[in-house]
Structure formats: C-alpha cells, structure tokens
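Examining the three-dimensional arrangement
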Amino acid sequence: MGNEPAHTVTRYDQELDRLRGIVARMGGLVERQTAQAIAAVVNQDEEAAIEPPELDTEVDALEREAEMLAIRILALRAPMAVDLRMIVAVLKMSGDLERIGDYASSIARRAMKVEPLDGAFSFSPLRAMARLVQENLHKAIEAMVENDSTRAMEVWNADTAVDELYTAMFRELVTYMMEDPRKIGPCIHLLFVAKNLERIGDHATNIAERVYYAVTGNMLPAVRPRGGAARKDANKQS
C-alpha cells in the first residue's frame, strides 16, 4: 500500500478496523449466549434460556457482514503479508463464532428438558467444564481482539483439560444410566449439553490457532494436545 494515495490508505485502514470491530461484536454476543445457556442448565433458569436463541439472528447477520467485507477487502485492496493473514483469519474466526452461537442456542433449548437428578449424580463436572470453556472462550476472544499470540497459546494448551472433564462426565453419566434406566432421558440431555460445551471449547481453540497464525505467521501443530480417552487412543496408535 506504500504507493497508494493517502486517502486510499486511510480508507483501507478504516475497513480493517471495521472488520475487526464486526468480529469483536460477534465475540461479545457469543460470550453472552454461552454464559446464558450455561446458567439456564446449571441453575434451571428459564429466563436465561430465552436469550441465546434470540441472539442467533444478530450473530448470523454479523457473520455475513464480516464475510462480505473481508471478500471486498481481498478483492479491491490486494493485501499482503500480515494484513492478508489477519483478514483470512478473521474470515475463518467469524465462522467459528457463528458455530459457537449455534451450540450455545442448542444448550439453551435443551436446558429445560434436563430434569433434576438425585444425589447419585453430581453436577460438579458439568460446572467445572462450563467454567473452563467460558474462560477459554473469553481468552480466545481477547486474543483475537488484541492480536495476542501468547494468550492464544494458553487457550490451545487448555483444551486438554476440557477434554478430560468431558470424558469424566461422559463415563459418569453412562454408568448412572446403566444403574438406573429410568434416568436415561435426563442423562441423554446432559450428555448433549456436555458435548455442545466440548464443541464450543474446540471452536475457541480454533480461534486461538487462527490468532496465533495471523500474528506470528507460524502454524501450531496439526495434532492438538488431547485429554482423557482421546489421548490414550493417540498413544496406542503411536
């Protein structure tokens, strides 16, 4: 852009700032969707379950806006090096954020179907998993907004703990269903909630990987650190 007129360079910078702003707004919305969906499940809060699906339309609209702007910048400005990596990363991150919103909405819609279980089942693994997923999502969005590769790396490494919590909860719920078939229904709902949380964690890690690449120009390893059964399977294959 060095040979471009000053006003053209200024407009280009404004377009990049606008693109970052759109995705930052998406990040704020999906954080809220996730927090409300989790509150709906763990607190059996009917009001909290209402908002996540309602916000989906806004998140989807922002994703389309980001996609159109990114394509426009790529087509008209022919960005190079760091800017090109950032634009492509933002384009992909908007897709990750849209999927996170979908998973949060799915959790919220299922929340009121989760019947209270007796003392044989503890919600502690679900609460711990939800807390860690929220932390990772928040850090991933901060890394995205601030172009922070160090924080992105923290999220990438934390994915192992999310996997381990999901595996522990899966095993506990399967055991509980085998011991008391009458609880299969509510346990299945909880399994879907846990799986959706695990997928939110995966997409937060996707965002972290894209931030790291955009900032450093280096790709993180293709095989992520994995926890629980996934790690054991990987060890067997190696």
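Here's what I pulled together on the structure shown here. In this text the structure is predicted, and so the values were computed from the model without any measurement.

**What about the overall build of the protein?**
Check the secondary structure of the protein and you find 7 helices and 0 strands. Residue burial in the protein is summarised as follows: out of 238 residues, 47% are buried. Considering only contacts in the protein between residues 6 or more positions apart, those separated by 24 or more positions represent 83%. Total accessible area computed for the protein in this model is approximately 11,900 Å², and 52% of it derives from carbon and sulfur atoms.

**Comments concerning the packing of helix 2 (residues 46–77) against helix 3 (residues 81–111)**
Between helix 2 and helix 3, the shortest axis-to-axis distance is 9 Å and the interhelical angle comes to 165 degrees. Comparing their axes, helix 3 and helix 2 come out roughly antiparallel. The handedness of the crossing between helix 2 and helix 3 comes out as left-handed. Residues of the contact of helix 2 with helix 3, tallied by class, amount to 14 nonpolar, 4 polar and 7 charged.

**Observations concerning a nonpolar patch on the surface**
A grouping of Ile 184, Ile 188 and Phe 192 is seen on the molecular surface, where their side chains present a nonpolar patch of about 240 Å² in accessible area. Along the chain, Ile 188 falls in helix 6 (residues 184–216). Overall, Ile 188 belongs to the partly exposed group, its relative accessible area being 33%.

**A look at the nonpolar core**
Within the largest apolar cluster, 69 residues are counted, with the highest numbers of intra-cluster contacts made by Leu 19, Leu 97, Leu 126, Met 144, Leu 197 and Ile 207. Among the secondary structure elements, those contributing two or more residues to this core are helix 1 (6–42), helix 2, helix 3, helix 4 (124–146), helix 5 (149–179) and helix 6. Here the element with the most residues in this core is helix 1; it accounts for 14 residues. Those residues in contact with Ile 207 that lie beyond four places of it in its chain are Met 93, Asp 96, Leu 97, Ile 100, Ala 140 and Met 144.

**With respect to the environment of Gln 36**
Position of Gln 36 relative to the elements: it lies in helix 1. Spatially, the C-alpha atoms of Gln 36 and Ala 108 are 7.6 Å apart, while their sequence positions differ by 72 residues. When residues no more than four places from it in sequence are discounted, the contact partners of Gln 36 are Ala 48, Glu 51 and Pro 52. Only 3.3 Å separates the side chain of Gln 36 from the side chain of Glu 51, close enough to count as a polar contact.

**As for the pattern of salt bridges**
Any two side chains of opposite charge can pair, given that their charged atoms come close. Taken as a whole and judged by the stated rule, the model has 12 salt bridges. Across the pair Asp 102 and Arg 99 runs a salt bridge, and its minimum N-O distance is 2.7 Å. Of this pair, Asp 102 and Arg 99 both sit in helix 3, separated by 3 residues, roughly a single helical turn. Given the relative accessible area of 33%, Arg 99 is considered partly exposed. For Glu 142, the salt bridge identified is with Arg 151, shortest N-O distance 2.2 Å. By relative accessible area, which is 23% here, Glu 142 ends up partly exposed. Here the salt bridges do not stand alone but share partners, grouping Glu 15, Arg 72 and Arg 77 into one network.

Cut-offs and rules
For every chain, the first residue of its written sequence is number 1, and the numbers climb from 1 along that sequence. In keeping with the model being predicted, local features are shown solely for residues with a pLDDT of at least 70 and side-chain atom pairs are shown and tallied solely at 80 or more, while totals for entire chains, interfaces and linings include all residues. Calculated side-chain values reflect all of the structure's heavy atoms, with hydrogen atoms and water omitted. Runs of H or I in DSSP of at least four residues are treated as helices and runs of E of at least two as strands, each being numbered from the N terminus. Think of it in three bands: with a 1.4 Å probe and only protein chains considered, a residue is buried below 20% of the maximum accessible area for its type, exposed above 50%, and partly exposed in between. Note on definitions: a residue-residue contact is assigned when non-hydrogen atoms from the two residues lie within 4.5 Å. Per-residue and other accessible areas were derived by the Shrake-Rupley procedure at a 1.4 Å probe size, with only the shown protein chains allowed to occlude residues. The angle between two axes is taken between their N-to-C directions and runs from 0 to 180 degrees, where each axis is a line fitted to C-alpha atoms and a helix contributes only its stretch in contact. Here the word oblique covers every angle except those under 35 degrees (roughly parallel), over 145 (roughly antiparallel) and from 65 to 115 (roughly perpendicular). Note on convention: near helix rotated counterclockwise from far helix by under a right angle means a left-handed crossing. Clockwise means right-handed. For this classification, Asp, Glu, Lys and Arg are treated as charged, while Ala, Val, Leu, Ile, Met, Phe, Trp, Tyr, Cys and Pro are nonpolar and the rest, including Gly, are polar. Two joining distances apply to patches: 9 Å for like charges and 5 Å for nonpolar side chains (Val, Leu, Ile, Met, Phe, Trp, Tyr), and every residue must have over 30% relative accessible area and no salt bridge. The term salt bridge refers to a pairing of a side-chain nitrogen on Lys or Arg with a carboxyl oxygen on Asp or Glu at a separation within 4 Å. Buried Ala, Val, Leu, Ile, Met, Phe, Trp, Tyr and Cys residues that are joined via side-chain atoms within 4.5 Å together make up what is termed a nonpolar core. In protein, a polar contact means a hydrogen-donor-capable atom and an acceptor-capable atom, both N or O and within 3.5 Å, with residues adjacent in sequence counting only if both atoms are side-chain atoms; elsewhere, any N or O pair within 3.5 Å suffices.

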